[in-house]
Amino acid sequence: MERRDFIKGGALAAAGITILPTGTLFAKDTQKVRLGYIGVGARGMNHISEGILRDDVEVVAVCDTQESSLKICRAFIAKSGKPAAKEYTGSIEAYKELLERKDIDAVIISTPWQFHHSQAIDAMKAGKYVGCEVVAGLTVKEHWDIVNTSEKTGIPYMTLENVCYRRDVMAALNMVRQGLFGELIHLEGGYQHDLREVLFNNGKQYYGGGVEYGPKALSEAQWRTQFNIDQDGDLYPTHGAGPVMQYANITRGNRFTNLVSFSSKAKGLADYVETQSPGHPNAKLNFKNGDVTTTLINCANGETVMLTHDVHLPRPYSLGFRVQGTNGLWMDVNKSIHIEGKSKPHAWDSVKEWFDKYDHPLWKKYEKDALGAGHGGMDWFVFNAFIVAVKGKKQTPIDVYDSV
């Protein structure tokens, strides 16, 4: 808690001096947030589209190593009628030139995971607010580097975890805050999403077949697949952990204390490749990452948490949320709620009635603004939260401690 007070107090009080050498965060005549984008692939373009739609955002510069991504971004900005962004490319160090610009207030980082740590640290040292896709780093040390740099520079860092802003997740949070579930006992969440066509594709189409990864593939298959070959564990925990942290007040009076994690055997990806292309050598790869990883976590205030990573097997999409307390529970898989004394004994209520009644005030206020935004509107909310913080020279709602 003392760390959070430090970064919220003294460091940010001097933000007008530390953010930019000029001592001012915004051009006086525009009051716009001037953004630089590091990485404009599939996820980066989601953030580009959010920025282009806003009158209070100027997309100043973009950086990517691949001309194919820059071409799509260039055409999108041109079609919007907005001024072209300065492009930086040519090497994985090109982003450093972008960071040298004095007319950029904040950066959005949407590169592969292995680059987040160094790019975020360089951005904070350059005085730019950082909105970074998950995850912050690949090791515990890298996460501490992020914290230490944010504290030293006074620059906020925000993990852009959009599921924290999903409508049902926030309605459940509203119910938690109003005590509908009673005292919280157990929480669940995760990433349960069939990514086989994302992890393997034919280099010509992102979805719809193919068994290649690395340079022969497109988008995330160029890099994400390799992590499943080399590492075992929950590689993508924040979709589940982010909302759970909100429910349980993690880093705000509560904390995770210890965990144990188990992975199943790894059969799903090899089976997928063999089915798609019998005899293909990629079916013989030794995937270290188990098909289903289950992590159990204890909290200081006595709650238990279960996170699940399940992306290698055929399954409908679900993040598997469960919020359970002394007075009832919500489970997103069956879209049902039970509240003792209000629901019929031993029976589920449809979630719609409850979530319509307890729709989060942010969604009620900004539903029209989020209409058409990515991932059912939650991309607008996470992007908006970051922009509002930058405009006000304030701490981000998901701060550096939440992020790591």
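Caption draft 1: Just the environment of Ala373, in detail. Position of Ala373 relative to the elements: it lies in the loop between α14 (361-370) and α15 (378-391). For the pair Ala373 and Gly240, spaced 133 residues apart in the sequence, the C-alpha separation amounts to 21 Å. If near-sequence neighbours (up to four positions away) are discounted, Ala373 is found in contact with Glu50 and Trp380.

Caption draft 2: Representation of the state of the cysteines. Under the defined criterion, the tally for this structure stands at zero disulfides. Between Cys132, a cysteine without a disulfide, and Cys63, which holds the nearest cysteine sulfur, the sulfur-to-sulfur distance is 14 Å. With no disulfide of its own, Cys164 lies closest to Cys132 among cysteine sulfurs, the gap being 15 Å.

Caption draft 3: Main features of unusual backbone geometry. For the peptide bond that leads from Val134 to Val135, omega is 0 degrees, which places it in the cis range. Structurally, Val135 is set in the loop between β5 (129-132) and α7 (140-153). The backbone of His375 sits at a positive phi, close to 55 degrees, despite the residue not being glycine. For His375, the position within the fold is in the loop between α14 and α15. At Lys393, a position not held by glycine, the phi torsion is positive, near 55 degrees. Here Lys393 lies in the loop between α15 and α16 (400-403).

Caption draft 4: Focus on the layout of surface pockets. Computed from the structure, the largest pocket encloses a volume of approximately 1600 Å³. When contributions to the lining of the largest pocket are tallied by element, the ones reaching two or more residues are α1 (2-13), α7, α11 (238-248), β8 (256-263), β9 (292-299) and α16. Of the residues belonging to the lining of the largest pocket, the class tally is 23 nonpolar, 16 polar and seven charged. Space inside the second largest pocket adds up to approximately 1200 Å³. Here the lining of the second largest pocket is built from residues that sort into 24 nonpolar, 19 polar and six charged.

Reading guide: rules and limits
Residues numbered from 1 in each chain as written. Predicted model: local features only at pLDDT ≥ 70, side-chain atom pairs only at ≥ 80, totals over all residues. Heavy atoms only, no water. Helix = DSSP H or I, 4+ residues; strand = E, 2+ residues; numbered from the N terminus. Contact = heavy atoms within 4.5 Å. Disulfide = S-S within 2.5 Å. 1 Å grid on protein atoms, 1.4 Å probe; cavity = no way out; pocket = protein on both sides within 12 Å on 5 of 7 lines; lining within 4 Å. Points joined across faces, edges and corners; volume = space filled by probe spheres on them. Nonpolar A, V, L, I, M, F, W, Y, C, P; charged D, E, K, R; others polar.

So yeah, pure geometry; function would need other evidence.
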